[in-house]
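What follows is each chain in one-letter form.
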Amino acid sequence: NETPKWKYVSGLDDYKMTTSKETLSLGSFYVLKRRGMDINTPIEKIVLSYSARPHSSHNDLYENIRLGGKMFNSILNMESIDSGYANYLETLGFSLSDYLIPNISPAGELLSKKKNNNNSRFGTYPTPANKKMLLDTVIQYTKEEVVTSFDENGEPVVMLGCDFITDPYLLEEMIDYKSGGNHDRIDAFGYALLLCRYLDKIGRVPEQ
């Protein structure tokens, strides 16, 4: 049976070919299982992570991302000004609405009731407010206290969000974070996390 839509979401931070300073960038892709889907997901969990820069073709990255997203029937949030993946899907004749979330502006839609006036079709536009919210959301996730069980005395056993991150390279990137640096994994994880928060806010539940 196909995995219900909206149970899993994904985030992408693509690498750019236009500037030499970005030659160390990787294409990073994360699939998260949303919180509250079952007793084992009290918080969002990474179910797939992929970071690469194929030497053969940028399209190899895109195809691996497409297949990874299809495996979990996940909808994708990405930086809206990076249209490479959307162009790839269109070239192959895929419906973008089957793969990409329509444009959302987390800073406007999660923090206020202001209408989003961005004209991008898909993903999140990297405004300063949205970029700040992405980082703030990732930080909040790592510090969130989650009750996972109770000990023999009935006291709650508490874990932090960072304890649920199973990708050591993402944890390393978080530890080494410097403002203004290149943080592909953090951004991709953050885009997926923002989409989780957005879907929670609008009450979008997995389809039966």
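Residues numbered from 1 in each chain as written. Predicted model: local features only at pLDDT ≥ 70, side-chain atom pairs only at ≥ 80, totals over all residues. Heavy atoms only, no water.

**Points about the packing of aromatic side chains**
For the structure shown, the criterion picks out six aromatic pairs. Ring plane angle 45° and centroid distance 5.7 Å describe the contact between Tyr 62 and Tyr 85, whose orientation is recorded as tilted. Of the two residues, Tyr 62 sits in helix α1 (residues 58-72) while Tyr 85 sits in helix α2 (residues 84-91), which places them 23 residues apart along the sequence. Taking the relative accessible area as the measure of exposure, Tyr 62 reaches 5% and is therefore buried. (Phe/Tyr/Trp six-rings, centres within 6.5 Å; stacked < 30°, edge-to-face > 60°. Helix = DSSP H or I, 4+ residues; strand = E, 2+ residues; numbered from the N terminus. Buried < 20%, exposed > 50% of the residue type's maximum accessible area, 1.4 Å probe, protein only.)

**Quick notes on the nonpolar core**
Counting residues in hydrophobic clusters, the biggest one holds 29 residues, and the most contacted among them are Val 9, Leu 32, Leu 170, Phe 189 and Leu 195. Secondary-structure elements contributing two or more residues to this core are β2 (27-33), α4 (128-143), α5 (168-175) and α6 (184-202). No other element matches α6, which puts eleven residues into this core. Ignoring any residue separated from it by four or fewer positions in sequence, one finds Val 9 in contact with Tyr 30, Val 31, Leu 32, Arg 34, Ser 74, Ile 75, Ala 192, Leu 195, Cys 196 and Leu 199. In terms of nonpolar packing, the next biggest core, distinct from the first, is built from 21 residues, Leu 61, Leu 76, Ala 86 and Leu 100 among them. (Core = buried A, V, L, I, M, F, W, Y, C linked by side-chain atoms within 4.5 Å. Contact = heavy atoms within 4.5 Å.)

**Thoughts on the packing of α1 against α2**
Between α1 and α2, the least distance of the axes is 10 Å, while the angle of their chain directions is 80°. Put simply, α1 runs roughly perpendicular to α2. Every residue of α2 that contacts α1 at Asn 59, Tyr 62, Glu 63, Ile 65 and Arg 66 is listed here: Gly 84, Tyr 85, Tyr 88 and Leu 89. Split into classes, the residues belonging to the contact of α1 with α2 amount to five nonpolar, two polar and two charged. (Axes fitted to C-alpha atoms, helices over the stretch in contact; angles between N-to-C directions. Parallel < 35°, antiparallel > 145°, perpendicular 65-115°, else oblique. Nonpolar A, V, L, I, M, F, W, Y, C, P; charged D, E, K, R; others polar.)

**Section: empty space enclosed by the protein**
It is the rolling of a water-molecule-sized probe over the atoms that shows where space remains empty. Within this structure, the stated rule accounts for two cavities of 30 Å³ or more. Reported here for the largest cavity is a volume of approximately 50 Å³. Lining the largest cavity, in full, are Ser 10, Phe 29, Ile 65, Arg 66, Gly 69, Ser 74, Leu 76, Tyr 85 and Tyr 99. Element by element, the count of residues in the lining of the largest cavity is highest for α1, at three residues. Across the lining of the largest cavity, the residue classes break down as five nonpolar, three polar and one charged. Computed from the structure, the second largest cavity encloses a volume of approximately 30 Å³. For the second largest cavity, the full set of lining residues is Thr 124, Tyr 125, Pro 126, Asn 130, Lys 131, Leu 134 and Tyr 191. (1 Å grid on protein atoms, 1.4 Å probe; cavity = no way out; pocket = protein on both sides within 12 Å on 5 of 7 lines; lining within 4 Å. Points joined across faces, edges and corners; volume = space filled by probe spheres on them.)

Note that every value here comes from positions in space, so none of it alone points to a role or purpose.
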